[in-house]
Amino acid sequence: MRRRSEGRPGRGTRGAAPESGASRARLPLRKSLFARLLAVSALVAACSVAATAWLAVQTTSGAILKEQGQNLTADARIYHSLLGYAAAHPTWDGVDRTVRALAEQSGRRIALTTEQRTPLADSAAPEKAAALPAQASAIVDPLSVDTALAAENAGPSGTPADRVDPRAVGPFRLPAAERTALRQIADRGVACLSEAGIASDVVRTESGRPVIQVVGNDPERIQESRCTTDALDAPTATEQRALKALNQLADACLKRQDRSGVHLKLDLSWGQSAEPVPTAVPTMPPSEAPRPVAGIGPEAAPSAAPTETPSVMPSTAPSPAAGTGEDDRAIASCVGTARREQLSSYVASPALLFISNTGGTTVPGFDLSPANTARIAGAAALVLALTVGASVLVGARLVRPLRALTGAAQRMRDGEDTAPVRVTADNEIGRLAATFNDMSAHRARLESQRKAMVSDVAHELRTPLSNIRGWLEAAQDGVADPDPAFIASLHEEAVQLQHIIDDLQDLAQADAGALRLHAEPVRIEELLSQVAAAHQARAETAGVALTVPPPSPPDRPVPGLTADPVRLRQAIGNLVSNAVRHTPAGGQVTLRAYGSASGDAVLVDVSDTGTGIPAEDLAHVFDRFWRGEKSRSRRTGGSGLGLAIVRKLTEAHGGTATATSVPGEGSVFTLRLPADRPEHAPVGGPAAAPVGGPGQP
């Protein structure tokens with residue numbers, strides 16, 4: 001039969017909760033909500049300061065450089081655009097539109113004149129134009145590029161590899177028919193490479209010749225494939241004519257130096273021509289001009305267009321087959337001269353470029369342009385948007401669980417069932433939600449126990465009252481005689497009723513903190529002997545041996561104890577009564593007192609060899625009106641308040657009450673009471689009292 005326990009868990013059942021909450025580890029800083037808010041604020045502030053400082057430096061420096069005419073990037077862009085115009089047009093006619101567009105983009109005054117300072121184009125109105133500076137900003141000559149403003153033409157050593165603008169292709173520009181035919185060949189080559197697992201693209205150069213460009217940094221892979229670019233490497237009729245004319249000009253130059261002529265190939269190398277080898281050029285940024293596939297004529301550097309790249313004019317470096325030393329230098333010089341002579345009729349004549357402020361002055365000033373103002377406004381808007389976004393994100397994450405807690409609290413106030421609030425993080429709000437869920441669950445348990453207690457109290461009071469009423473009505477009707485047995489039965493029911501009321505009063509006083517204790521030095525062994533003597537008769541009637549073993553061993557002496565002996569006997573007596581009730585005949589109940597290992601507490605064990613308590617019921621044995629036997633039969637239990645009173649009385653002494661049990665073997669109830677400090681220890685050593693001495697239950 002299951003052992004019953006007493007009462008519901010009052011505030012005493014949660015006595016260990018504050019201790020466990022206090023002992024919980026401090027929230028790590030990385031999980032702290034405060035730390036996260038601080039980090040977000042610091043991050044936003046740092047970004048704002050950095051963005052402001054960066055904008056101030058960039059805007060100020062850019063404005064000063066522009067006002068002083070030292071913005072080389074803008075000057076180079078203007079120079080590059082006009083150089084491209086000159087390379088593609090034989091005259092400067094129609095350049096006015098380009099000059100005005102560049103002036104509007106840069107906010108500068110741009111003027112072009114001939115080398116004799118005859119005006120060609122000027123972005124300033126004639127009536128407002130100031131005199132041009134004495135020194136020109138640059139000379140726009142596609143056949144002699146200014147290396148300081150055209151760094152893209154520089155070789156690996158930093159010196160120009162070829163001062164002819166690569167966009168000046170002249171007679172090498174292919175007609176539409178040849179471009180279409182070469183494009184079809186290139187497309188077939190790309191398809192072949194794709195089948196071989198090599199990614200490649202077709203890019204069109206300024207001359208119109210397509211070039212196969214391998215994706216990656218290993219263009220030599222094409223040599224390992226079965227694909228060939230022989231048909232693409234062969235010069236077209238247009239290129240053959242242009243190359244023949246170039247070769248004649250170069251031979252004439254060499255002849256004037258009493259040197260023999262050379263045979264120029266399509267890549268402008270000379271000497272014995274070699275078999276064309278299929279190759280490809282890896283993709284690279286526009287600033288790094290890729291070399292064309294071997295054998296594909298003079299090409300220009302890549303332009304900004306994504307689908308076509310300007311061809312790069314091949315290097316005039318000497319071929320090993322043609323010799324070295326002075327001969328090679330002479331040949332390279334003649335080839336360069338021949339190129340410039342051949343292209344001279346296809347490009348515009350050299351012109352002086354003047355770039356200055358719109359007012360024509362060079363006095364440093366600081367005046368934010370509309371573009372700079374827009375940059376500042378855009379950056380400020382971006383920082384504001386980031387700040388608002390971060391605040392909204394953090395605020396939403398903060399408010400969402402708080403709203404859930406508010407809604408749950410309101411439902412709890414209205415008496416509705418409250419579902420647990422979802423705990424999404426282990427931070428302050430997450431712990432608040434977890435605590436709220438614990439509180440809500442505890443409140444629900446208390447409410448359930450309150451209802452059960454009302455029902456249990458009504459049941460416990462109804463039984464003796466019904467018995468008394470039944471006997472009295474029987475006597476009133478003459479059915480029962482008011483003899484001594486009759487009176488004894490009524491007295492027994494009244495005593496049971498009084499016992500329930502006294503237990504309820506004790507629990508009420510303990511809950512209200514009004515339970516009075518009259519503490520005095522107590523010899524715990526004597527007190528155990530008194531309790532055993534008081535219950536000896538009941539134990540013998542039940543066939544149970546009730547014993548108090550000899551004093552504790554020397555290594556675990558019982559320290560001094562100050563307590564209320566009456567209340568302590570009541571608590572231990574309840575444990576003994578409960579143990580005797582649930583121990584079958586032939587079993588044993590043992591009372592034992594000993595000191596804790598640290599010597600700071602007195603431990604009292606009441607053990608039995610009864611039926612034991614299932615593990616799932618151990619957590620409820622100290623609950624009020626809880627019984628293992630659900631039928632609530634008086635043959636197997638009392639009022640259901642005894643163990644609840646034990647716990648309350650022990651806690652009133654500053655101790656704890658615990659229970660362990662093995663079903664089928666028995667249970668052990670342990671009271672842990674704080675021991676006296678040395679200055680409060682009672683005089684005289686403890687002595688074990690014989691079983692059967694006087695005692696009070």
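Up top is the structure.
Nothing here was measured: the structure is a model prediction, and the numbers come from that model.

J.: What should I look at first to understand the overall build of the protein in this one?
T.: On a plain count of helices and strands, the protein comes out with 16 helices and 14 strands. Taken across its 697 residues, the protein has 41% of its residues classed as buried. Put simply, 71% of the contacts in the protein that link residues at least 6 apart link residues at least 24 apart. As presented, the protein carries roughly 37,000 Å² of accessible surface, and 57% of it is formed by carbon and sulfur atoms.

J.: Quick question: what am I supposed to make of the environment of Ala101 here?
T.: If you trace the backbone, Ala101 turns up in helix 4 (residues 96–106). Accessibility expressed as a relative area gives 32% for Ala101, which makes it partly exposed. Along the sequence, Ala101 and Ser123 sit 22 residues apart, while their C-alpha atoms lie 8.7 Å from each other.

J.: Got a minute to help me understand the pattern of salt bridges in this structure?
T.: Two side chains that carry opposite charge are able to pair once their charged atoms sit near each other. All chains considered together, the criterion is met by 10 salt bridges. Among the salt bridges present, the one from Arg259 reaches Asp327, with a minimum N-O distance of 2.5 Å. With Arg259 in the loop between helix 7 (237–256) and strand 6 (281–282) and Asp327 in helix 8 (residues 326–343), this pair connects stretches of sequence that are 68 residues apart. The shortest N-O distance in the salt bridge between Glu473 and Arg469 comes to 2.8 Å. With a gap of 4 residues between them, Glu473 and Arg469 both fall in helix 10 (residues 428–476), about one helical turn apart. Take Glu473: its relative accessible area is 35%, and that puts it in the partly exposed class.

J.: What am I meant to see in the pairing of strand 1 (residues 109–113) here?
T.: The side chains of a regular strand alternate between the sheet's two faces. Counting buried positions along strand 1 yields 5 of 5 residues, so the element is predominantly enclosed. What you see with strand 1 is no split at all: Arg109, Ala111 and Thr113 on one side and Ile110 and Leu112 on the other are buried throughout. Pairing of strand 1 with strand 7 (residues 351–356) involves 5 bridges; the strand directions are antiparallel. Counterpart to Thr113 in the pairing with strand 7 is Leu352. Pairing geometry for strand 1 and strand 2 (residues 119–122), over 3 bridges, is antiparallel. Looking at the pairing, Thr113 lines up with Pro119 of strand 2. Linkage of strand 1 to strand 2, two consecutive antiparallel strands, is achieved through a turn of 5 residues, within which Arg117 is found at a positive phi near 65°.

J.: Is there a simple way to explain the side chain of Glu178 in this structure?
T.: Turning to its location among the elements, Glu178 is positioned in helix 5 (residues 176–195). Arg241 is the oppositely charged side chain nearest to the buried, salt-bridge-free Glu178, at an N-O distance of 5.2 Å. Only 2.9 Å separates the side chain of Glu178 from the side chain of Thr236, close enough to count as a polar contact. Here Glu178 is in contact with Thr236, Ala237 and Thr238, once residues within four sequence places are set aside.

J.: Looking at this structure, how should I read the pairing of strand 4 (residues 200–204)?
T.: Bridge analysis of strand 4 against strand 5 (residues 210–214) gives 5 bridges, and the strand direction is antiparallel. Considered in strand 5, the bridge of Asp201 is made with Gln213. Hairpin connection of strand 4 to strand 5: 5 residues between the antiparallel strands, including Gly208 at a positive phi of 95°.

J.: Which parts of the structure should I look at to understand the state of the cysteines?
T.: Covalent bonding between the sulfur atoms of two cysteines defines a disulfide. Taken as a whole, this structure holds 1 disulfide when the rule is applied. Note that Cys253 is cross-linked by a disulfide to Cys334, the S-S spacing being 2.3 Å. On the S-S bond that ties Cys253 to Cys334, the torsion sits near -65°, and the link is left-handed. Placement of the pair is Cys253 in helix 7 and Cys334 in helix 8, with a sequence separation of 81 residues.

J.: Teacher, can you tell me more about the packing of aromatic side chains here?
T.: The way to describe two aromatic rings as a pair is by their centre distance and the angle between their planes. In this structure the tally under the stated criterion is 2 aromatic pairs. Summarising the aromatic geometry, the rings of Tyr85 and Trp92 are spaced 6.1 Å apart at their centres and angled 15° between planes, so their arrangement reads as stacked. Judged by its relative accessible area of 7%, Trp92 is buried. With 6.1 Å between their ring centres and 80° between their planes, Phe622 and Phe669 make a pair best called edge-to-face. With Phe622 in the loop between helix 15 (615–618) and helix 16 (642–652) and Phe669 in strand 14 (residues 666–674), the pair connects residues that are 47 residues apart, well separated along the chain. Comparing Phe622 with Phe669, the two get one shared label, buried.

J.: Could you clarify how one ought to interpret the sheet that holds strand 2 in this entry?
T.: Backbone hydrogen bonds are what pair the strands of a sheet, in a parallel or an antiparallel way. Judged by pairing direction, the sheet is antiparallel, and its 4 strands sit side by side in the order 2-1-7-3 without closing on themselves. Looking at the sheet topology across the chains shown, the edges are occupied by strand 2 and strand 3 (138–140). Each strand of the sheet is rotated relative to its neighbour by a mean of 25°, with strand direction disregarded. Across the sheet, helix 4 is in contact with strand 1 and strand 2; its angle to strand 1 comes to roughly 155°.

J.: Can you help me understand the packing of helix 12 (residues 524–534) against helix 14 (residues 565–581) in this one?
T.: For any two helices packed against each other, the geometry comes down to the angle between their axes and how far apart the axes lie. Where helix 12 contacts helix 14, the two axes come as close as 10 Å, and the packing angle between them is 50°. By the criterion of interaxial angle, the relationship of helix 12 to helix 14 is oblique. When you trace helix 12 past helix 14, the crossing you get is right-handed. Only Pro565, Leu568, Arg569, Ile572, Gly573 and Val576 of helix 14 make contact with helix 12, whose side of the interface consists of Ile524, Leu527, Leu528, Gln530 and Val531.

Cut-off values and rules
Position numbers for residues count from 1 along each chain, tracking the sequence in the order it is written. Where totals are concerned, whole chains, interfaces and linings use all residues; where local detail is concerned, this predicted model gives features only for residues with pLDDT of at least 70, and gives and counts side-chain atom pairs only at 80 or more. Side-chain numbers come from the whole structure's heavy atoms, not from hydrogens or water. Helix numbering and strand numbering both begin at the N terminus, where a helix is a DSSP run of H or I of at least 4 residues and a strand a DSSP run of E of at least 2. Each residue gets one of three labels from its accessible area relative to the maximum for its type: buried under 20%, exposed over 50%, partly exposed in between, using a 1.4 Å probe on protein chains only. Only heavy atoms matter for contacts: two residues are in contact if any of them lie within 4.5 Å across the pair. Each accessible area value is a Shrake-Rupley result obtained with a 1.4 Å probe; residue values ignore everything except the protein chains displayed when judging cover. Whenever a carboxyl oxygen of Asp or Glu lies within 4 Å of a side-chain nitrogen of Lys or Arg, that contact is scored as a salt bridge. Strand pairing is assigned whenever DSSP detects at least two bridges linking the two strands. Here Asp and Glu are counted as negative and Lys and Arg as positive; His is not counted, and neither are the chain ends. Here a polar contact means two N or O atoms within 3.5 Å. Within protein one must be a hydrogen donor candidate and the other an acceptor candidate, and residues neighboring in sequence count only if both atoms are side-chain atoms. Whenever a pair of cysteine sulfur atoms sits within 2.5 Å, that pair is classed as a disulfide. Stacked, tilted and edge-to-face are the three classes applied to pairs of Phe, Tyr and Trp rings, where Trp contributes its six-membered ring and a pair requires centres within 6.5 Å; stacked means planes under 30 degrees apart, edge-to-face means over 60, and tilted covers the rest. Lines fitted to C-alpha atoms define the axes here, with helix axes fitted over just the stretch in contact, and angles between the N-to-C directions of these axes take values from 0 to 180 degrees. For this classification, under 35 degrees means roughly parallel, over 145 means roughly antiparallel, 65 to 115 means roughly perpendicular, and everything else is oblique. By convention the crossing between two helices is left-handed if the near helix lies anticlockwise of the far one by an angle smaller than a right angle, and right-handed if it lies clockwise.

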